[in-house]
Amino acid sequence: MNKNLETVLDTNTNDTGSTNTGNDKNKKKKYKYSRTARAILSGLSLAFVASLCVGMIMYTSESTEQMRENNRANSLKAKINTLLPDEARGDNIRLTCYAIKKSKNIGHNQKLYIASKDLEIKGYIMTYSTSLGYSDPLVMIAGFTPDKKVYKADIYFSQETPGLGDKVDRDHGNFLDQLSGHSLLTANWDVKKNGGDFDFITGSTVTSRATVIATSQALKELNSFDIRSLKKCKVK
């Protein structure tokens, strides 16, 4: 009985009394393979989740782009209706859009809209930008009379500091009304602090001045453009 027991023990232990080396190697290999498999599986899982997230973001962006474009178009159309002179409104008015790709006066990729009736110009709408504000760009939009005077100016896009630079927009007052009725030659286009004809808002002098000078630059563009050199664009 004791010999049988010794025989059994001899087959499971080496001379030093440790466990069988072959079994240990097999266990280590299995553990190593298991750990590698888990790492690969984790990597594949993370890649799948990342791909899924990117796909969802792209789908959401594409599905909402049309909505954002419609909102921008509706916002622009609403502004155009308020900025056109009275004689440039009505059912028989034709609004033609022209793209101004590059201009030293009003920046790049701006739009000019000409309102006409029976081939007679009744008014203009122009978008124009300036880098003279606190934040670049400050984009404005204004309506002009057929004789190229400012009818009404407004802010189209602004990143000016809330509570300071944004005081010039129409949501906070009538500062921009002082530009109405002026042509390029009927005013000194700067704020009174710099010797010009226009008031400025205390605490927002930089933005006040930017809107005045930008509008004078828009008038320069309006007086100098050659409509034959401009490409038509869609009125959305």
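No experiment lies behind these values; they were computed from the predicted model shown.

*Asks:* I keep staring at the overall build of the protein chain and nothing clicks. Help me out?
*Replies:* Counting its secondary structure elements, the protein chain contains 3 helices and 6 strands. What you see in the protein chain, going N to C, is helices and strands ordered as α-α-β-β-β-β-β-α-β. Taken over 236 residues, the protein chain has a buried fraction of 34%. Taking the contacts inside the protein chain whose residues are at least 6 apart along the sequence as the reference set, 50% of them involve residues at least 24 apart. Looking at the protein chain as shown, the accessible area adds up to about 15300 Å², and 54% of this sits on carbon and sulfur atoms.

*Asks:* When you look at the nonpolar core in this model, what are you seeing that I'm missing?
*Replies:* Side chains of nonpolar character tend, in soluble globular proteins, to be buried together. Grouped together as the largest cluster of nonpolar side chains are 32 residues, with contacts concentrated most on Leu-112, Met-126, Tyr-128, Phe-144, Leu-179 and Trp-189. Where this core is concerned, the elements lending two or more residues are β1 (94-100), β2 (110-117), β3 (120-130), β4 (138-144), β5 (150-157) and α3 (205-224). At 6 residues, α3 tops the list of elements feeding residues into this core. Within the second largest apolar cluster, 11 residues are counted, among which are Leu-84, Ile-93, Cys-97 and Tyr-113.

*Asks:* Please clarify how the pattern of salt bridges should be interpreted in this entry.
*Replies:* Charged atoms that come close allow side chains of opposite charge to pair. Considering all chains together, one arrives at 5 salt bridges under this definition. We note a salt bridge from Asp-154 to Lys-79, for which the minimum N-O separation is 3.0 Å. Here the residue Asp-154 occupies a position in strand β5, and Lys-79 occupies one in helix α2 (residues 21-83), the gap between them amounting to 75 residues. Lys-79 matches Asp-154 in its accessibility class, with the two residues each being buried. One salt bridge in this structure joins Asp-199 and Lys-192, with 2.8 Å as the shortest N-O distance. Note on Asp-199: relative accessible area 38%, which makes it partly exposed. We classify Lys-192 as partly exposed; its relative accessible area is 47%.

*Asks:* Can you walk me through the pairing of β5 in this structure?
*Replies:* A regular strand places its side chains on the two faces of the sheet in alternate fashion. Of the strand pairs in this sheet, β4 and β5 are connected by 6 bridges, and their pairing is antiparallel. For Met-140, the partnering residue across the bridge sits in β5 and is Ile-155. Counting the residues that bridge the hairpin from β4 to β5 gives 5 residues, and of these Lys-148 lies at a positive phi of roughly 65°.

*Asks:* So what exactly am I meant to see when it comes to the packing of aromatic side chains here?
*Replies:* Two measures describe an aromatic ring pair: the distance that separates the ring centres and the angle between the ring planes. If you walk through the whole model with that rule in mind, you get 2 aromatic pairs. When the centroid spacing of 6.5 Å and the interplanar angle of 75° are considered together, the rings of Tyr-124 and Phe-225 count as edge-to-face. Taken together, the residues span a long stretch of sequence, with Tyr-124 in strand β3 and Phe-225 in the loop between α3 and β6 (231-233) at a distance of 101 residues. The exposure classification of Tyr-124 matches that of Phe-225, with both residues buried. Arranged with centres 4.9 Å apart and planes meeting at 35°, the rings of Trp-189 and Phe-198 form a pair that is tilted.

*Asks:* Where do I start with unusual backbone geometry in this structure?
*Replies:* Trans peptide bonds make up the majority, and among non-glycine residues the majority have a negative phi. Unusually for a residue other than glycine, Asn-109 sits at a positive phi of about 55°. Asn-109 gets classed as exposed once you look at its relative accessible area, which sits at 55%. Even without being glycine, Leu-119 reaches a positive phi, approximately 65°. Within the secondary structure layout, Leu-119 lies in the loop between β2 and β3. With a relative accessible area of 86%, Leu-119 lands in the exposed category.

*Asks:* Explanation requested: the sheet that holds β4 in the structure shown.
*Replies:* Here 6 strands make up an open sheet; going across it, the order is β5-β4-β3-β2-β1-β6 and the pairing antiparallel. Two strands close off the open sheet at either side, each with one partner strand: β5 and β6. Direction aside, the axes of adjacent strands within the sheet are offset by 25° on average. Taken together, the 3 bridges between β1 and β6 define a ladder with antiparallel strand orientation. The partner of Cys-97 across the bridge, within β6, is Cys-233.

*Asks:* How should the environment of Cys-97 be read in this particular structure?
*Replies:* Among the structural elements, Cys-97 can be located in strand β1. Given a relative accessible area of 1%, Cys-97 falls into the buried group. In sequence terms Cys-97 and Leu-112 are 15 residues apart; their C-alpha atoms lie 5.8 Å from each other.

Definitions and cut-offs
Residues numbered from 1 in each chain as written. Predicted model: local features only at pLDDT ≥ 70, side-chain atom pairs only at ≥ 80, totals over all residues. Heavy atoms only, no water. Helix = DSSP H or I, 4+ residues; strand = E, 2+ residues; numbered from the N terminus. Buried < 20%, exposed > 50% of the residue type's maximum accessible area, 1.4 Å probe, protein only. Contact = heavy atoms within 4.5 Å. Areas by Shrake-Rupley, 256 points an atom, 1.4 Å probe, with all protein chains shown as cover. Core = buried A, V, L, I, M, F, W, Y, C linked by side-chain atoms within 4.5 Å. Salt bridge = Lys/Arg side-chain N within 4 Å of Asp/Glu carboxyl O. Pairing = 2+ DSSP bridges. Phe/Tyr/Trp six-rings, centres within 6.5 Å; stacked < 30°, edge-to-face > 60°. Axes fitted to C-alpha atoms, helices over the stretch in contact; angles between N-to-C directions.

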